[in-house]
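Listed below are the residues making up each chain.
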Amino acid sequence: MRGFSAKQLVGISVFLLAIFVGVPLLINATGRWDFYFTLTSVALLAIASAGVWLTFYIGRINIGQGAFALIGAYVSAILVVKAGWSFWISLPAAGLFAALVAVLIGLPILRLRGVYFAMITLVLTQVVTLTALALPITNGAKGISNIPLPSGVSILGIPLIPDFGAMENTKLAFYLTACILMVVTYAALYRLVNSRLGHLCRSMQQNEELASSIGVNIAYIRVVIFAISSFFGGIGGAMFGSIAQSVYPSTFVVADSVNFMLNCFLGGLGYVFGPMLGTLVLYFGWDLLFEIGKYQMLVYSMILIAVIRFLPNGLLSLRFGKGDKK
């Protein structure tokens, strides 16, 4: 594979074997079937966090990814329940609709920078929540429930995807699906970062005025990147809705948007796979701190502050050199 060193290829191979072979074997051996849902959630949150990381790549602080995750969840649910679409068609449709909304919103707000852009995106999740409460098609506060499990897909009689409703272990099916989506998402993210578009994004991150002076269409690139970022959020939200078989206005809230951002900071803004590691550590770290009771939030906050203070480049900076952004 071009662009990867032998050491990186070994690491990727070990990672893929671990999530697709090692985890199922370990869960089968221990009987802890509940871990499938936990790890599925981590994979989907990592997908949404990847989108937030991408907006950081153009120098924008995005605290509104929960809005696009909620949009994706509702679009998929509406298409499956009310329009009779297959979930597998509604999944990309949800991502594309979220991207379209991002384009419409991004055209005016992406001109803003720093805290101003962050403040606008912070209210997006609440705006989408209120919209979901008001629109008849979303059933208001009742939400959309009884979403059917994904059906099978076959071409010329050859089954490509099994019917989840007929499967004995749907938790494993959702886990494998979420992991495949996560791997594809981060492969696409890595390819984008190392493409010409990625190089242009880095130039914008350093100095937008200088990039514009050499002919870079910064307005166009900002909108494209924001749309791709929101597409990831929509995909993650649609999968969550299918797993829970229900979507409500409170499925994704402002706190989720903040956590998506924290995942990026914790893993490392300078590393493509930073959001994935940050999501894993943050998700399990919060659960581990549950044992300390009322001091959970205090200790959690202190640890985050300490990590950001002493590891400003994230957890991956402990492993990789300063110049390794892969």
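Below is a short write-up of the structure.

### Let's talk about the overall build of the protein chain
When helices and strands are counted, the protein chain shows twelve helices and four strands. Overall, the protein chain is about 55 × 55 × 45 Å in size when its C-alpha atoms are taken along their principal axes. Of all 326 residues assigned to the protein chain, the portion counted as buried reaches 45%. Here the contacts in the protein chain between residues at least 6 apart in sequence split such that 76% fall between residues at least 24 apart. Here the protein chain contributes 19 positively and 9 negatively charged side chains, and the mean placements of these two sets differ by 12 Å.

### Digging into the pairing of strand 3 (residues 158-161)
Two elements, strand 2 (residues 153-155) and strand 3, share three bridges in a ladder whose sense is antiparallel. Residue pairing across strands places V153 opposite I161, the latter belonging to strand 3. Counting the residues between successive antiparallel strands, the hairpin from strand 2 to strand 3 contains two residues, one of them, L156, with a positive phi of roughly 55°.

### Concerning the packing of helix 6 (residues 170-193) against helix 9 (residues 218-244)
Between helix 6 and helix 9, whose axes approach to 11 Å, the crossing angle comes to 175°. Classified by the angle between their axes, helix 6 and helix 9 sit roughly antiparallel to one another. Note on element contacts: helix 9 touches helix 6 through I225, I228, F232, I235, M239, S242 and I243, opposite F174, T177, L181, T185, L189 and L192. The class makeup of the residues in the contact of helix 6 with helix 9 is ten nonpolar, three polar and no charged.

### Regarding the nonpolar core
By size, the foremost hydrophobic cluster in this structure holds 83 residues, and its most contacted members are F68, M182, Y186, L189 and M239. Among the nonpolar cores identified, the runner-up in size contains seven residues, and L282, Y300, L304 and V307 belong to it.

### Overview of helix 9
Between its first and last C-alpha, helix 9 extends 39 Å over 27 residues, near the 39 Å set by a 1.5 Å rise per residue. By the criterion of burial, helix 9 is predominantly enclosed, with 21 of the 27 residues buried. One or two residues past the end of helix 9 sits Q245, with phi positive at roughly 60°.

### Details of a nonpolar patch on the surface
On the surface, L112, V115, Y116, M119 and I120 cluster together to form a nonpolar patch covering roughly 480 Å² of accessible area. By the secondary structure assignment, L112 is in the loop between helix 4 (87-109) and helix 5 (114-134). Among the residues examined, L112 registers a relative accessible area of 32% and is labelled partly exposed.

### Re the pattern of salt bridges
Summed over the entire model, instances satisfying the criterion amount to five salt bridges. Note that E208 is salt-bridged to R60, the shortest N-O span being 3.0 Å. Within this pair, whereas E208 is found in helix 8 (residues 208-213), its partner R60 is found in the loop between helix 2 (34-56) and helix 3 (65-81), the two being separated by 148 residues in sequence. Take E208 and R60: they sit in the same class, and that class is buried. A salt bridge links R222 to E208; the shortest N-O distance between them is 3.1 Å. Of this pair, R222 sits in helix 9 while E208 sits in helix 8, and the two are 14 residues apart along the sequence. By relative accessible area, which is 8% here, R222 ends up buried. A relative accessible area of 6% means that E208 is categorised as buried. Shared partners join several salt bridges into a network, and the residues in it are R60, R113, E208, E209 and R222.

### Thoughts on unusual backbone geometry
If you check the backbone angles, N139 has positive phi at about 65° while not being a glycine. Here N139 is to be found in the loop between helix 5 and strand 1 (144-145). For N139, a relative accessible area of 34% translates into the label partly exposed. The phi angle at N146 is positive, at roughly 55°, despite the residue not being glycine. Mapped onto the secondary structure, N146 falls in the loop between strand 1 and strand 2.

Criteria and thresholds
Residues numbered from 1 in each chain as written. Predicted model: local features only at pLDDT ≥ 70, side-chain atom pairs only at ≥ 80, totals over all residues. Heavy atoms only, no water. Helix = DSSP H or I, 4+ residues; strand = E, 2+ residues; numbered from the N terminus. Buried < 20%, exposed > 50% of the residue type's maximum accessible area, 1.4 Å probe, protein only. Contact = heavy atoms within 4.5 Å. Lys, Arg positive; Asp, Glu negative; His and termini not counted. Charge placed at Lys NZ, Arg CZ, Asp CG, Glu CD. Pairing = 2+ DSSP bridges. Axes fitted to C-alpha atoms, helices over the stretch in contact; angles between N-to-C directions. Parallel < 35°, antiparallel > 145°, perpendicular 65-115°, else oblique. Nonpolar A, V, L, I, M, F, W, Y, C, P; charged D, E, K, R; others polar. Core = buried A, V, L, I, M, F, W, Y, C linked by side-chain atoms within 4.5 Å. Expected span 1.5 Å × (residues − 1). Patch = residues over 30% accessible without salt bridge, like charges linked within 9 Å, V, L, I, M, F, W, Y side chains within 5 Å. Areas by Shrake-Rupley, 256 points an atom, 1.4 Å probe, with all protein chains shown as cover. Salt bridge = Lys/Arg side-chain N within 4 Å of Asp/Glu carboxyl O.

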